Amino acid sequence: MAKVIVVTSGKGGVGKTTSTAALGAALAQRGEKTVVVDFDVGLRNLDLVMGAERRVVYDLINVIQGDAKLPQALIRDKRLETLHLLPASQTRDKDNLTSEGVETVMAELRKSFDWIICDSPAGIERGATLAMRHADIAVVVTNPEVSSVRDSDRIIGLLDAKTARAERGERVEKHLLLTRYDPARAERGDMLKVDDVLEILSIPLLGIIPESMDVLRASNIGSPVTLADTRSAPSLAYMDAAKRLAGEQIPMSVPGEKRGFFGKIFGRRAA
Amino acid sequence: MSIFGFFNRKTSAPQARERLQILLAHERSSVGHSDLVALLREEIVAVIAKHVQVDRDKVNVKMDRGDQVSTLEVDIEIPLDASVRAA
C-alpha cells in the first residue's frame, strides 16, 4: 500500500527540503520504491539538494498540463535506483498547479511507489495546501524557536481541516520532526527543550535532528544527508526517523547529548 | 557582562515557552471558531432584523474560549429612532 507523506512547516527555512531528501533517501535505502515530489513551484530546490539540478527536463506542471507523461518527468537517482524525484517547475506560474491535476498525479504515483514524499512550500497558500491535500502522514518540521512553533501549530490546524482525509472524516497521522536542535543550548535554558515543544504542539515525536555542519556540507555536494555521510549525527537521526515512519519501534535519543568531562561541568554550571 | 552576571543570567527558554502557550491558546480558539462566529452573527442579525431595524455594522459577536467555559458576547446597538416592526 502506497503511503503519501507531506513534509510541511508553515515557516520557511526550517529544513523541509533537507528533511524530504534525507527521509526519501533513507526509505529508498530500505529497498522501498520512493519518490520525492517538489511542490514549491517557482522556487524549486529539491532538485539542487538531491544533486539532480542538471537532469531536469520535465516537471510537475508539465505533467499536469499534459505536456509530458509522468515517467518522462521522473528522475531516477544516480546513487539509489529505488529513489526518484519529481521536480517542480522553476519558470511557470504557481497558478498552473491545479487541484484536479495534483489529484491525478498523486493517484498515478500511488500505483507505482511505496512512498510518495511531498515537499511543501513555506506558507499556508495554495502550494502548501495542495502539497498536504492527499497526505496520509504529515511530518511537521519545527525548529525549537517561537516563530517556527507558532507556524507549526497553524499547519497542524490546517492538516485537521483542509486535507482530503479530514474531509472524509479520517485523520492525517501527524508527526513532529524537531530540527536544528542544540542539546547544549537547551540544557543551558536558552533554547526550547524537546519536551517544551512536544507539550505545546501535542503531536508524537518522529525524531530529533541535531544542528550540524554535516547538513550544509551535504547540500553543498548535492546529496541527501543520509547518503552523504551515513555515520554523521544528523544522518543517524534521519535514518531512525525513517524507520519509525516505516513502523519500527526505535528508542528516541537526543543526538550529541553525550558530553565529555569538561562539557558536563560547563553545561551544568551555566544551567 | 561581569562574571557574576554571567552565572546569574536569567534563561530565556522558559519565557519562550510561556509566551507561546498564551499566544497559541488564544490563536487556536479564534482560528477554529471563526466560521462558527460568522454563522452565529448572520443568524442573530436575521432574527433581530425581523423585529427591529438594525445597522449590520453595529452588531458585534465575539467568542472567548476559556479553560472551563466559553463565553459568547453579543453587542447590538439599536438606534433611538429604530422602527419597531412587531410589538
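This text goes with the structure placed above it.
So, here is what we can say about the structure in this document. (Residues numbered from 1 in each chain as written. Chains lettered and ligands numbered in written order. Predicted model: local features only at pLDDT ≥ 70, side-chain atom pairs only at ≥ 80, totals over all residues. Heavy atoms only, no water.)

Focus on the overall build of chain B
Then, number 1: The helix and strand tally for chain B stands at 2 helices and 2 strands.
Then, number 2: Considering chain B as a whole, with its 87 residues, one finds that 17% of them fall into the buried category.
Then, number 3: Of the contacts made within chain B by residues no fewer than 6 positions apart, 44% connect residues no fewer than 24 positions apart.
Then, number 4: Accessible surface, chain B as shown: approximately 6900 Å² in total, 56% of it carbon and sulfur. (Helix = DSSP H or I, 4+ residues; strand = E, 2+ residues; numbered from the N terminus. Buried < 20%, exposed > 50% of the residue type's maximum accessible area, 1.4 Å probe, protein only. Contact = heavy atoms within 4.5 Å. Areas by Shrake-Rupley, 256 points an atom, 1.4 Å probe, with all protein chains shown as cover.)

Focus on the pattern of salt bridges
Pairing of side chains with opposite charge becomes possible as their charged atoms draw close.
Then, number 1: With the rule as written, the count across this model stands at 19 salt bridges over all chains.
Then, number 2: For A:R150, the salt bridge goes to B:E27, with nearest N and O atoms at 2.5 Å. Of the two residues, A:R150 is situated in helix 7 (residues 146-159) and B:E27 in helix 2 (residues 13-51); the pairing between them involves two chains.
Then, number 3: Note that A:E170 is salt-bridged to A:R165, the shortest N-O span being 3.6 Å.
Then, number 4: Residue classification places A:E170 among the partly exposed positions, given a relative accessible area of 36%.
Then, number 5: Where salt bridges share partners, they join A:R110, A:D136, A:R165, A:R168 and A:E170 into one cluster. (Salt bridge = Lys/Arg side-chain N within 4 Å of Asp/Glu carboxyl O.)

Brief notes about the nonpolar core
Residue and element names in this part refer to chain A.
Then, number 1: Judged by nonpolar contacts, the single largest core of 52 residues is most densely connected at F39, L86, L97, L109 and I116.
Then, number 2: Here this core takes 5 residues from helix 7, the largest share from any one element.
Then, number 3: When sequence neighbours within four positions are dropped, the list of residues in contact with I116 reads A2, K3, V4, I5, V35, V37, M106, L109 and R110.
Then, number 4: One finds A22, M50, A52 and L245 within the second-largest nonpolar core, a separate group that totals 37 residues. (Core = buried A, V, L, I, M, F, W, Y, C linked by side-chain atoms within 4.5 Å.)

Focus: the pairing of strand 1 (residues 3-8) of chain A
Residues and elements named next belong to chain A.
Then, number 1: Counting buried positions along strand 1 yields 5 of 6 residues, so the element is predominantly enclosed.
Then, number 2: Both strand 1 and strand 5 (residues 115-119) contribute to a ladder of 5 bridges, which runs parallel. Within strand 5, the position partnered with I5 by the bridge is I117.
Then, number 3: As defined by bridge partners, strand 1 adjoins strand 6 (residues 137-142) across 4 bridges and the pair is classed as parallel. Each bridged residue has a counterpart across the sheet, and for V6 the counterpart in strand 6 is A138. (Pairing = 2+ DSSP bridges.)

Points about the environment of A:I203
Residues and elements named next belong to chain A.
Then, number 1: Here I203 lies in the loop between helix 10 (194-201) and strand 8 (205-210).
Then, number 2: For I203, a relative accessible area of 8% puts it in the buried group.
Then, number 3: As a C-alpha pair, I203 and M106 span 97 residues in sequence and 26 Å in three-dimensional space.
Then, number 4: In contact with I203, not counting residues within four places along its chain, are V140, I156, K174, H175, L176 and L198.

With respect to the side chain of A:H84
Residue and element names in this part refer to chain A.
Then, number 1: With respect to the element layout, H84 can be found in strand 4 (residues 83-86).
Then, number 2: In this structure H84 comes out as buried when scored by relative accessible area, which is 9%.
Then, number 3: Those residues in contact with H84 that lie beyond four places of it in its chain are K33, T34, V35, V36, I75, R76 and F113.

Let's talk about the interface of chain A and chain B
Then, number 1: Taken residue by residue, the interface counts 15 residues in chain A and 15 residues in chain B.
Then, number 2: Across the chain A to chain B interface the summed buried area is about 1500 Å²; carbon plus sulfur atoms make up 55%.
Then, number 3: The interface formed by chain A and chain B holds 4 salt bridges in total.
Then, number 4: A:D153 is paired through a salt bridge with B:R28; the nearest N and O atoms lie 2.5 Å apart.
Then, number 5: Joining chain A to chain B, the criterion identifies 9 residue pairs in polar contact (both at pLDDT 80 or more). (Buried area = accessible area lost by both parts, 1.4 Å probe. Polar contact = N/O pair within 3.5 Å; in protein donor to acceptor, adjacent residues only side chain to side chain.)

Here's the deal with the environment of B:K58
All names here are of chain B.
Then, number 1: Of note, K58 is situated in the loop between helix 2 and strand 1 (59-65).
Then, number 2: Judged by relative accessible area, which is 35%, K58 ranks as partly exposed.
Then, number 3: Separated by 13 residues in the primary sequence, K58 and V45 have C-alpha atoms spaced 9.9 Å apart.
Then, number 4: Setting aside its immediate chain neighbours within four residues, K58 contacts D75, I76 and E77.

Observations regarding the packing of aromatic side chains
Then, number 1: Enumeration according to the criterion identifies 0 aromatic pairs over all chains in this entry.
Then, number 2: Here A:K33 stacks its cationic end above the ring of A:F113, 4.8 Å away from the centre of that ring. (Phe/Tyr/Trp six-rings, centres within 6.5 Å; stacked < 30°, edge-to-face > 60°. Lys NZ or Arg CZ within 6 Å of the ring centre and 35° of its normal.)

Notes on the sheet that holds strand 7 (residues 173-181) of chain A
Residue and element names in this part refer to chain A.
Then, number 1: Strand order in the open sheet formed by 8 strands is 3-4-2-5-1-6-7-8, and the pairing between neighbours is mixed. Each end of this open sheet is capped by a strand with a single partner; those strands are strand 3 (75-76) and strand 8.
Then, number 2: Both strand 6 and strand 7 contribute to a ladder of 6 bridges, which runs parallel. Bridge pairing links T142 to L178 in strand 7.
Then, number 3: Across the sheet, helix 5 (residues 99-112) is in contact with strand 1, strand 2 (34-38), strand 4 and strand 5; its angle to strand 5 comes to roughly 145 degrees.
Then, number 4: Along the sheet, helix 7 makes contact with strand 1, strand 6 and strand 7, crossing strand 6 at roughly 165 degrees. (Axes fitted to C-alpha atoms, helices over the stretch in contact; angles between N-to-C directions.)

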